Amino acid sequence: MVDLQTHEAFFIWSNGRSAACQDFSLIEEVIVNLLDDIMKNLLTVTPSIEEISSYFFNLSKDSSPGLDGFGGVFYQTYWNIVKHDVYKELSEFFTSGWIFPNFNSNTIILLSKSKDDNTVEKFRPIAMANFKFKIISKILANKSGFSSKKFHWISTILFSANLYLEINGSHHGYFKCVRGVRLWDPLSPSLFCLVEEVLTRGISKLVSVGNLKPMMAIRTLGVPIHILYVNDILIFRKGTASNIQALASLFSSLGI
C-alpha cells in the first residue's frame, strides 16, 4: 500500500535515527501497492476545520504549549474565537508542504527519577512536542497508507524539528534534531512498523533466493529466520562471510 514515486523516502530505525533509503527497488518488491489514484488523493486531502476541531478536543488540555505560550487549555477554552486563524495556520502545511519556522519546536525539560533529586544524574531529559504541532502528527498518523505527497510531508516534519531549553522561564536554543521523530510522536509507531516490515520482508527474500543460508537445528528442524522484539532484531544465521555480506548489503540499501 505504498506509492514510492518520489525522490527520497526517510525511515526511523531502532535508535530513532532518520535514514535515507538507498534502494527503492527493494521496497517496491516487498511492499505491495494496493492504492489506486483515487485512494492516494484521499490520503492527501486537506483536513476540514471540523476535522481539525475534533483533534484539538481529543488531545489533553494539559499538553505542552508552543512558542506562543498557549497550551491545550487555551485553545479548547477559546476555540470559537481562534479556530479560523488556527485552521489557516495548519492547513498551510497540508496545501503547500511548508511548515512555519520553529513551529515544530519542542521543549526539553528534566523529570525527576527519585525523591532525592539533588544531583543532575537523578533527572532524565524529555522533549515535549507543542500542542498545535501534535495536531499535524495525529492527522498524518491516522491516514493509513502512503503516497509521494505524504512522504514529502513526513520528510518536512523530520527535518524541521528543533529543540530548545527552558531556563528560568526563558527559551534557549535552538538545536536541530538528528534522530527522527520523538518517541511519543503519533507518527513514530507507523513509521517504525513500516521500517520493520520492509526489513523483515527483505531478510525473507534473501533466504528465498538463496543469498542467505538458513540455520538448521536438530535434524531437519529449522529455526526462525529472525525475531523482532520491541526495537531490537535477532537474526539466526551462521557467521559465514557470504551471510554477513548479504545482510550488510541489505542494511546498506535501506540506509541503516
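Before reading on, note that the structure itself is shown above.
Residues numbered from 1 in each chain as written. Predicted model: local features only at pLDDT ≥ 70, side-chain atom pairs only at ≥ 80, totals over all residues. Heavy atoms only, no water.

### What about the pattern of salt bridges?
Using the following cut-off: Any carboxyl oxygen of Asp or Glu that lies within 4 Å of a side-chain nitrogen of Lys or Arg is treated as forming a salt bridge with it. Secondary structure is summarised from DSSP: a helix means a run of H or I of at least four residues, a strand means a run of E of at least two, and numbering begins at the N terminus for each. Exposure categories follow from relative accessible area, calculated using a 1.4 Å probe and restricted to protein chains: below 20% of the type maximum is buried, above 50% is exposed, and the middle band is partly exposed.
One pass over the structure, following the stated rule, counts 3 salt bridges. Salt-bridge contacts for R201 lead to E197; the nearest nitrogen and oxygen are separated by 2.6 Å. Residue R201 and its partner E197 are located together in helix 8 (residues 188-208), separated by 4 residues, close to a single helical turn. The class for E197 is partly exposed, based on a relative accessible area of 33%.

### Notes on the sheet that holds strand 4 (residues 123-129)
Where we set the bar: In this analysis, strands are considered paired if DSSP registers two or more bridges between them. Every axis corresponds to a line fitted to the C-alpha atoms, with the helix fit spanning only the stretch in contact, and the corresponding angles, defined between N-to-C directions, vary from 0 to 180 degrees.
Across the sheet, which stays open at both edges, the 4 strands sit in the order 4-3-5-6 with mixed pairing between neighbours. The outermost strands of the open sheet, each flanked by one partner alone, are strand 4 and strand 6 (170-176). Between one strand axis and the next, the sheet turns by 35° as a mean value, whatever way the strands run. Sheet topology places strand 3 (residues 105-112) next to strand 4; 7 bridges connect them, and they run antiparallel. Looking across to strand 4, one finds that L110 is bridged to P125.

### Details of the packing of aromatic side chains
To keep things clear, this is the line we draw: Pairing of aromatic side chains here covers Phe, Tyr and the six-membered ring of Trp, requires ring centres within 6.5 Å, and sorts the geometry by plane angle: under 30 degrees stacked, over 60 edge-to-face, intermediate tilted.
Scanning all chains against the criterion turns up 12 aromatic pairs. Ring plane angle 15° and centroid distance 4.1 Å describe the contact between F70 and F74, whose orientation is recorded as stacked. Classification of F70 as partly exposed rests on a relative accessible area of 36%. Ring geometry for F74 versus Y78: centroids 5.3 Å apart, planes at 45°, classification tilted.

### With respect to the pairing of strand 7 (residues 226-229)
Examined bridge by bridge, strand 7 and strand 8 (residues 232-235) share 4 bridges and lie antiparallel to one another. Among the inter-strand pairings, L228 is bridged to a residue of strand 8, identified as I233. Between strand 7 and strand 8, which follow one another and run antiparallel, lie 2 residues, and V230 among them has a positive phi close to 55°.

Remember that the coordinates give geometry; whether it matters functionally is a separate question.
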